[in-house]
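# Chain and residue survey
One-letter residues, chain by chain:
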Amino acid sequence: QVQLVESGGGLVQPGGSLRLSCAASGAFFSIYHMGWYRQAPGEQRDLVATITSGGNTNYADSVKGRFTISRDNAKKTVYLQMNSLKPEDTAVYYCNAKHAIISDMDYWGKGTLVTVSS
């Protein structure tokens with residue numbers, strides 16, 4: 001069982017930056033693929049960025065070059081550095097953990113709200 005707690009959301013002006021954190025509890029964090037997803041009001045939940053247990057990263061086209069995902073296995077934490085934020089980045093951001101081998105072991109956090117507005 002893995003529990004995920006996101007933090008770092010808030011209100012930021014267009015062009016600003018935020019860093020989201022996702023702290024995980026439970027054992028064997030390093031063998032989970034981690035990801036950030038977001039859901040805007042009235043929209044489906046979409047992938048933002050993922051990082052595998054081996055450190056390989058993948059980004060949605062809309063955030064490439066602006067967002068960076070990273071992980072610290074010793075701290076059991078995954079981060080999302082968001083730069084050059086745009087109003088269309090406004091959403092609830094969710095952290096996800098997927099076991100690298102056992103696909104049923106798939107966990108979500110409760111989300112943190114990011115609002116980009118002047």
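Scroll up to find the structure this text is about.
These remarks concern the structure in this document. Predicted, not measured: the structure shown is a model, and the values here were computed from it.

In this section: the packing of aromatic side chains. In the structure shown here, the tally under the stated rule is 2 aromatic pairs. Between tyrosine 32 and tyrosine 107 the ring centres are 6.3 Å apart and the planes differ by 55 degrees, which places this aromatic pair in the tilted class. Highlighted residues: tyrosine 32 in strand S4 (residues 32-39) and tyrosine 107 in strand S10 (residues 106-108), separated in sequence by 75 residues. You can call tyrosine 32 buried: its relative accessible area is 4%. On the numbers, 5.0 Å between centres and 65 degrees between planes, the contact of tyrosine 37 with tryptophan 108 is edge-to-face. Highlighted residues: tyrosine 37 in strand S4 and tryptophan 108 in strand S10, separated in sequence by 71 residues. Sitting over the face of the ring of tryptophan 108, arginine 45 holds its NZ or CZ atom 4.7 Å from the ring centroid.

Now for the pattern of salt bridges. Following the criterion strictly, the structure yields 4 salt bridges and no others. Between aspartate 89 and arginine 38 there is a salt bridge whose closest N-O contact spans 2.9 Å. Placement of the pair is aspartate 89 in the loop between strand S8 (77-82) and strand S9 (91-99) and arginine 38 in strand S4, with a sequence separation of 51 residues. Grouping residues by exposure puts aspartate 89 and arginine 38 together as buried. Here lysine 64 ties to aspartate 61 by a salt bridge, and the two come within 3.1 Å at their closest N and O atoms. Residue classification places aspartate 61 among the exposed positions, given a relative accessible area of 66%.

The antiparallel open sheet is built from 4 strands, whose spatial order is S1-S3-S8-S7. Here the strands that pair on one side only, and so sit at the sheet edges, are strand S1 (3-7) and strand S7 (67-72). Taken pair by pair, the neighbouring strands of this sheet meet at an average axis angle of 15 degrees, ignoring direction. As judged from the 6 bridges shared by strand S3 (residues 18-25) and S8, these two strands associate in the antiparallel manner. Within S8, the position partnered with leucine 18 by the bridge is methionine 82.

For the rest of this paragraph, the subject is the pairing of S3. Of the strand pairs in this sheet, S1 and S3 are connected by 5 bridges, and their pairing is antiparallel. If you follow valine 5 over to S3, its bridge partner there is alanine 23.

The next subject is the state of the cysteines. Considering all chains together, one arrives at 1 disulfide under this definition. Across the disulfide, cysteine 22 is cross-linked to cysteine 95 (sulfur-sulfur distance 2.1 Å). Judged by the sign of its S-S torsion, about -85 degrees, the bond between cysteine 22 and cysteine 95 is left-handed. Highlighted residues: cysteine 22 in strand S3 and cysteine 95 in strand S9, separated in sequence by 73 residues. Among the residues examined, cysteine 22 registers a relative accessible area of 0% and is labelled buried. For cysteine 95, a relative accessible area of 0% translates into the label buried.

Quick notes on the rules
Residues numbered from 1 in each chain as written. Predicted model: local features only at pLDDT ≥ 70, side-chain atom pairs only at ≥ 80, totals over all residues. Heavy atoms only, no water. Phe/Tyr/Trp six-rings, centres within 6.5 Å; stacked < 30°, edge-to-face > 60°. Helix = DSSP H or I, 4+ residues; strand = E, 2+ residues; numbered from the N terminus. Buried < 20%, exposed > 50% of the residue type's maximum accessible area, 1.4 Å probe, protein only. Lys NZ or Arg CZ within 6 Å of the ring centre and 35° of its normal. Salt bridge = Lys/Arg side-chain N within 4 Å of Asp/Glu carboxyl O. Pairing = 2+ DSSP bridges. Axes fitted to C-alpha atoms, helices over the stretch in contact; angles between N-to-C directions. Disulfide = S-S within 2.5 Å.

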